[in-house]
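One letter stands for each residue in the lines below.
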Amino acid sequence: MELLFRLCSRWPLGVAHACGWVLGWLSWALSATYRRRFAANVRTAGLTSAQARAAVGAAGRQVTELPRLWFGAPVPVQWDGAGHVEAALAVGRGIVFLTPHLGCFEVTAQAYASRYGCTCAGKPMTVLYRPPRKAWLAPLVANARARPGLATAPTSVSGVKQLIRALKNGECVGLLPDQVPPLGQGVWAPFFGRPAYTMSLAARLVQQTGAIPLMAWGERLQGNGGYVVHVLPMPEPLPSGVEAAVGQINTGMEGLICTRPEQYLWGYARYKAPQVQQDT
């Protein structure tokens, strides 16, 4: 599988994204469950028909761009809001980057590591990730994401401790706050007006460490244009209560998603019931 990924990593981004568009529509056509979930989610968010159609193809592009991002030549990256990152780094309290399933979330961590994390005085980023369910895929993902200035932490107690240590050292962590956590690790909060089980970890990290929360996402450009990493502060400081803070984070994520809803992963089972996490 790694050989296949390395071969595909040679594709220009435009070719990879064109193949992804086909993959996205094939997935939509072949799975009635996926179609129903996708349709329900876009209705909840109030997307237009044109935005929904564009999002079908964009979902496949998230898959086919991975070989290039993991094993290929560096992709073109522009920054919008880099000043927010630099101001937060200057404070020295650490940064919690909140990135929804919008655009290319893989490129945001890579871009930060390349620009800020691997210099002599840089502050690395630690990204929380859920290990792949298929054992054969785990080494591939681990090898692909290992790079200077970027570390990974599993979704476990040891992983959370790793995140806290990083923030206390003035470093950065990256989370997907719209990912459904295991039972007991989140709270129910509105997401586009519908209750969604939402991780409380992001809010707790900010509250316990004094880190600065920043919203970030990677906009996918046309053809071989690459990406734009957008960084914005939270609209308001997070309140002290966990449930209120989680609700405010969801509101912030909604605002990001509404800027380019056609690049959000609407097929994700955002409103599913949480499951009990299995100890490993």
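Please refer to the structure placed before this passage.
The following paragraphs examine the structure supplied in this document.

Procedures and definitions
Residues numbered from 1 in each chain as written. Predicted model: local features only at pLDDT ≥ 70, side-chain atom pairs only at ≥ 80, totals over all residues. Heavy atoms only, no water. Helix = DSSP H or I, 4+ residues; strand = E, 2+ residues; numbered from the N terminus. Buried < 20%, exposed > 50% of the residue type's maximum accessible area, 1.4 Å probe, protein only. Contact = heavy atoms within 4.5 Å. Salt bridge = Lys/Arg side-chain N within 4 Å of Asp/Glu carboxyl O. Pairing = 2+ DSSP bridges. Axes fitted to C-alpha atoms, helices over the stretch in contact; angles between N-to-C directions.

## Some points on the side chain of Gln110
Secondary-structure assignment places Gln110 in helix α7 (residues 105-117). Judged by its relative accessible area of 13%, Gln110 is buried. Sequence-distant contacts of Gln110, defined by excluding residues within four places in its chain, comprise Leu69, Trp70 and Arg147.

## Observations concerning the pattern of salt bridges
When their charged atoms lie close together, side chains carrying opposite charge are able to pair. In total, this model carries four salt bridges according to the counting rule given. Between Glu65 and Arg220 there is a salt bridge, with the nearest N and O atoms lying 2.9 Å from each other. In this pair, Glu65 sits in the loop between α4 (49-64) and α5 (66-71) while Arg220 sits in strand β8 (residues 212-220), placing the two residues 155 residues apart along the sequence. Taken individually, Glu65 and Arg220 each receive the classification buried, so the pair is uniform in this respect. Among the ionic pairs, Arg260 bridges to Glu219, the shortest N-O distance being 2.3 Å. One end of the pair, Arg260, is in the segment after α11 (242-259); the other, Glu219, is in strand β8, with 41 residues separating them in the sequence. Each of Glu219, Arg260 and Glu262 takes part in salt bridges that share partners, so that together they form one network.

## A few points about the environment of Glu243
When you line up the elements, Glu243 lands in helix α11. We classify Glu243 as exposed; its relative accessible area is 58%.

## Observations concerning the sheet that holds β8
In spatial order, the strands read β1-β9-β8-β2-β5-β3-β4; together these seven strands make up an open sheet with mixed pairing. This sheet does not close on itself; its edge strands, each paired only once, are β1 (77-80) and β4 (150-154). The sheet shows a mean angle of 25 degrees between the axes of neighbouring strands, taken without regard to direction. Judged from the four bridges that link them, β1 and strand β9 (residues 227-233) form a sheet pairing that is parallel. Looking at β9, one finds that Trp79 is bridged to Val229. Along the sheet, helix α6 (residues 82-91) contacts β1, β2 (95-98), β5 (172-175), β8 and β9; its crossing angle with β8, the most-contacted strand, is approximately 150 degrees. Sheet strands touched by helix α9 (residues 157-168): β2, β3 (125-129), β4 and β5. Its angle to β4, the strand with the most contacts, is close to 140 degrees.

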